[in-house]
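# Overview (structure and organization)
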Amino acid sequence: MDTEYSDHVESKDKQPRTARGLKTKRKLLDAAALEFGEKGFHEASITGITQRAGTALGSFYTYFDSKEELFSALVKDMSARVKSHAASAMTEWQDALEREKLALEAFMNFAREHKEIYRIIDEAEFVDPESYRSHYEETAARIFERLQEGSDAGDLRDDLDEAHAWAIMGMNVFLGLRYGIWSEEKSAAEIAEIANEILATGITVGEK
């Protein structure tokens with residue numbers, strides 16, 4: 001029996017098991033990013049998402065039980081894509097500071113290409129608080145891991161705390177908002193260089 005469900009989905013967990021199924025689910029996630037990003041969670045509709053995706057309404061329920069479930073999956077998907085985009089940019093670096101610069105530059109470029117990410121993540125605080133918190137906790141954990149590796153390599157101080165990772169993440173998030181979403185008056189590389197200088201030398205005038 002060649003039904004859409006049996007062709008695309010593996011048992012009860014609704015995970016695609018074919019290339020065709022993966023492609024359809026990817027279309028729905030991409031369409032959802034545009035729909036939620038443009039209209040917000042409450043005004044977005046399943047019909048609008050499937051129309052953007054160019055899929056049948058039934059395809060939606062092959063993979064998701066509700067708009068809320070799709071939204072949660074989208075938050076996780078976007079978080080994973082940010083992680084992957086940053087990782088692909090950090091293949092070569094000379095020291096820990098350059099690594100952070102590359103990570104921020106990659107994030108800035110991703111935000112400029114996917115401006116809807118900020119609205120989606122912000123709405124997650126109210127629509128799906130667990131995914132919202134996980135997004136930031138996992139991001140901070142990755143930064144802290146890099147800082148620890150930098151300390152082990154002798155590039156950074158050996159007394160860095162988890163709070164340092166959260167501070168760096170906060171700086172990156174708002175730089176992305178100001179120079180990735182609200183305007184693009186400076187290049188991603190310029191912004192990453194400014195942030196890197198703050199990490200390297202701070203903002204004091206130095207010894208007097």
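Use the structure listed above.
To start, this report covers the structure provided alongside it. (Residues numbered from 1 in each chain as written. Predicted model: local features only at pLDDT ≥ 70, side-chain atom pairs only at ≥ 80, totals over all residues. Heavy atoms only, no water.)

## Brief notes about the packing of helix H5 (residues 67-89) against helix H7 (residues 116-127)
Following both chains from N to C, one finds H5 and H7 inclined at 130 degrees, their axes separated by 10 Å at the closest point. Considered as vectors, H5 and H7 are oriented oblique to each other. The handedness of the crossing between H5 and H7 comes out as left-handed. On H7, the residues touching Phe71, Leu74, Val75, Met78 and Val82 of H5 are Glu116, Ile117, Ile120, Ile121, Glu123, Ala124 and Val127. Among the residues making up the contact of H5 with H7, the classes are represented as 10 nonpolar, no polar and two charged. (Axes fitted to C-alpha atoms, helices over the stretch in contact; angles between N-to-C directions. Helix = DSSP H or I, 4+ residues; strand = E, 2+ residues; numbered from the N terminus. Parallel < 35°, antiparallel > 145°, perpendicular 65-115°, else oblique. Left-handed = near helix turned anticlockwise from the far one by under 90°. Contact = heavy atoms within 4.5 Å. Nonpolar A, V, L, I, M, F, W, Y, C, P; charged D, E, K, R; others polar.)

## So, the packing of helix H2 (residues 19-39) against H5
Contact geometry of H2 with H5 gives a least axis separation of 10 Å together with a crossing angle of 95 degrees. It follows that H2 is roughly perpendicular to H5 by the angle criterion. Residues Arg26, Leu29, Asp30, Ala32, Ala33 and Phe36 of H2 lie in contact with H5, whose contacting residues are Lys67, Leu70, Phe71, Ala73, Leu74, Asp77 and Arg81. Taken together, the residues of the contact of H2 with H5 break down into eight nonpolar, no polar and five charged.

## Regarding H5
Counted at 1.5 Å a residue, the expected span for H5 with its 23 residues is 33 Å, and the 33 Å between its end C-alpha atoms agrees. Residues Lys67, Leu70, Phe71, Ser72, Leu74, Val75, Asp77, Met78, Ser79, Val82 and Ala86 constitute the buried set of H5. On its buried face, H5 is in contact with H2, helix H3 (46-53), helix H4 (57-63), helix H6 (96-113), H7 and helix H8 (129-152). (Expected span 1.5 Å × (residues − 1). Buried < 20%, exposed > 50% of the residue type's maximum accessible area, 1.4 Å probe, protein only.)

## Some thoughts on the side chain of Ser183
Turning to its location among the elements, Ser183 is positioned in the loop between helix H9 (162-182) and helix H10 (188-201). Polar side-chain contacts of Ser183 include one of 2.8 Å to the side chain of Arg178. A polar contact of 3.1 Å, which involves the side chain of Ser183, links it to the side chain of Glu185. (Polar contact = N/O pair within 3.5 Å; in protein donor to acceptor, adjacent residues only side chain to side chain.)

## Some points on the packing of aromatic side chains
Applying the stated criterion across every chain, the model contains seven aromatic pairs. Considering the side-chain rings of Phe36 and Phe41, the 5.8 Å spacing of their centres and the 20 degrees angle between planes classify their relative orientation as stacked. Across the pair, exposure class does not vary: Phe36 and Phe41 are buried alike. Relative to Phe71, the ring of Phe36 has its centre 5.1 Å away and its plane inclined at 85 degrees; by these criteria the two rings are edge-to-face. Separated by 35 residues along the polypeptide, Phe36 in helix H2 and Phe71 in helix H5 bring together distant segments of the chain. In this pair, the class of Phe36 matches that of Phe71, namely buried. Ring pairing ties together the aromatic residues Phe36, Phe41 and Phe71, which thus form one cluster. Across the ring face of Phe41, the terminal group of Lys67 is positioned such that the distance to the ring centre comes to 4.5 Å. Over the face of the ring belonging to Tyr179 we find Arg178, whose NZ or CZ atom lies 4.4 Å from the ring centre. (Phe/Tyr/Trp six-rings, centres within 6.5 Å; stacked < 30°, edge-to-face > 60°. Lys NZ or Arg CZ within 6 Å of the ring centre and 35° of its normal.)

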